[in-house]
Amino acid sequence: MTQHTHKHNHTHDLAAHAGKKALLISFILITVFMFVEFIGGMMSGSLALMSDAGHMLSDAVALGLSLSAVMAGQRGATKHKTYGYRRFEVLAAFFNAITIFLIAVFILKEAVARIQNPAPILSGPMFIIAIAGLLVNIIVLFILRGGSHKENINVKSALVHVLGDLLGSIGVIIAAALIYFFGWYIADPIISVVVAFLILYSAWKIFSESVNILLEGTPAHIDIDELKTKISRTEGVKEVYDIHVWSISSSFLILTAHIAVNENVDRDALLCCLQKLILDCSGITHVTIQVNAECSRDFSCNCY
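Quantities reported herein were computed from a predicted structural model and do not represent experimental measurements.

1. A word on the nonpolar core
Ranked by internal contacts, the top residues of the largest apolar core, which has 45 residues, are L23, M126, V140, L144, V172 and I199. Among the secondary structure elements, those contributing two or more residues to this core are α1 (10-44), α2 (47-73), α3 (88-116), α4 (123-145), α5 (153-182) and α6 (187-214). Per-element tally for this core: the top contributor is α5, with eleven residues. Not counting chain neighbours up to four residues away, the residues in contact with I199 comprise H55, I100, A104, I107 and G164. Within the second largest apolar cluster, 20 residues are counted, among which are V237, A257, I259 and I289.

2. Let's talk about unusual backbone geometry
Positive phi, normally seen in glycine, also occurs at E216, with a value near 60°. Here E216 shows up in the loop between α6 and α7 (224-232). Even without a glycine there, the phi angle at D242 is positive, about 50°. Note on placement: D242 falls in strand β2 (residues 237-249). Owing to a relative accessible area of 48%, D242 belongs among the partly exposed residues under this scheme.

3. Quick notes on the pairing of β2
Here β2 pairs with strand β3 (residues 252-261) via nine bridges, running antiparallel. Counterpart to V237 in the pairing with β3 is V261. As consecutive antiparallel partners, β2 and β3 are separated by two residues.

4. Observations concerning the pattern of salt bridges
One pass over the structure, following the stated rule, counts four salt bridges. One salt bridge in this structure joins D188 and R114, with 3.5 Å as the shortest N-O distance. Placement of the pair is D188 in helix α6 and R114 in helix α3, with a sequence separation of 74 residues. With relative accessibility at 22%, the residue R114 sits in the partly exposed group. Across the salt bridge formed by K230 and E226, the nearest N and O atoms sit 3.3 Å from each other. Residue K230 and its partner E226 are both found in helix α7; the two are separated by four residues, about one turn of the helix. K230 gets classed as partly exposed once you look at its relative accessible area, which sits at 35%. By relative accessible area, which is 40% here, E226 ends up partly exposed.

5. Comments concerning a nonpolar patch on the surface
Taken together, I115, Y180, F181, F182, W184, I186, I190, V194 and L198 make up a surface patch of nonpolar side chains, about 920 Å² in accessible area. Looking at the nonpolar patch, the elements with two or more residues in it are α5 and α6. Here I115 shows up in helix α3. The exposure class assigned to I115 is partly exposed, which follows from its relative accessible area of 34%.

6. Section: the environment of V195
Its place among the elements puts V195 in helix α6. The class for V195 is buried, based on a relative accessible area of 10%. Expressed as a C-alpha distance, the spacing of V195 and A104, which sit 91 residues apart in the sequence, is 8.2 Å. Residues in contact with V195, not counting those within four places in the same chain, are G164, L167 and G168.

Calculation notes
- Residues numbered from 1 in each chain as written.
- Predicted model: local features only at pLDDT ≥ 70, side-chain atom pairs only at ≥ 80, totals over all residues.
- Heavy atoms only, no water.
- Core = buried A, V, L, I, M, F, W, Y, C linked by side-chain atoms within 4.5 Å.
- Buried < 20%, exposed > 50% of the residue type's maximum accessible area, 1.4 Å probe, protein only.
- Helix = DSSP H or I, 4+ residues; strand = E, 2+ residues; numbered from the N terminus.
- Contact = heavy atoms within 4.5 Å.
- Pairing = 2+ DSSP bridges.
- Salt bridge = Lys/Arg side-chain N within 4 Å of Asp/Glu carboxyl O.
- Patch = residues over 30% accessible without salt bridge, like charges linked within 9 Å, V, L, I, M, F, W, Y side chains within 5 Å.
- Areas by Shrake-Rupley, 256 points an atom, 1.4 Å probe, with all protein chains shown as cover.

Below is the structure:
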């Protein structure tokens with residue numbers, strides 16, 4: 001006997017819609033200010049400002065990918081793609097993380113050249129643009145962190161980009177102050193190096209999470225041993241085996257399991273009980289349980 005629960009309901013749809021709106025507004029704000037930072041970096045000669053503009057370019061691409069992923073994820077299932085396009089958002093998050101790594105490597109390369117040969121920088125325009133960039137990133141951060149969409153892996157991926165930009169803006173402000181008060185032009189590439197390593201550190205979590213989903217790994221917040229123990233302790237259950245938990249996307253978890261039960265157990269009641277138990281323990285709503293009587297898992301069938 002197999003029983004499924006399918007609760008891909010109104011809550012998920014609302015979260016997806018909110019996520020799409022948040023990503024669209026963030027995309028527009030980041031794209032507009034990217035050009036402001038790029039022009040400001042060219043005028044002031046600041047590598048830190050140019051690096052932050054480059055990272056904003058990656059943000060614009062990342063947000064565009066994330067927005068596309070959310071829209072693709074809302075497409076319905078087909079006979080060839082029975083889970084729809086939900087996994088597309090994980091692919092987008094994976095490529096976003098790689099983009100962050102590449103941008104950070106570029107910043108490090110340019111910073112090394114600047115440390116060897118510091119160049120004069122106009123600290124005034126650099127400071128003003130960095131302050132404006134900080135405000136834009138704070139606004140975008142609040143937009144992305146608000147509401148139920150914040151747990152979406154694509155939104156979290158975009159958040160990593162924006163956090164990197166926010167740190168970059170703070171770094172540029174510090175560098176501009178050091179140049180203005182002390183004439184330390186080398187502060188510009190040094191701050192760029194610090195920001196690059198912060199970006200790399202931030203990117204690792206989203207990269208590892210997306211890889212874990214693509215490899216069908218158990219989500220980090222799910223304790224599969226504890227879940228198995230609770231199922232096995234349910235009255236009527238003799239044994240639990242072949243239990244698997246994985247993700248199609250960050251918000252769509254799946255559990256499958258085989259259980260051996262007593263011959264006289266009320267299977268329908270037991271399945272309802274297990275579904276509620278699993279939902280309460282892990283939040284998983286897509287559950288498939290294969291129920292067997294007292295037969296062994298090594299049972300060989302000679303029916304055909």
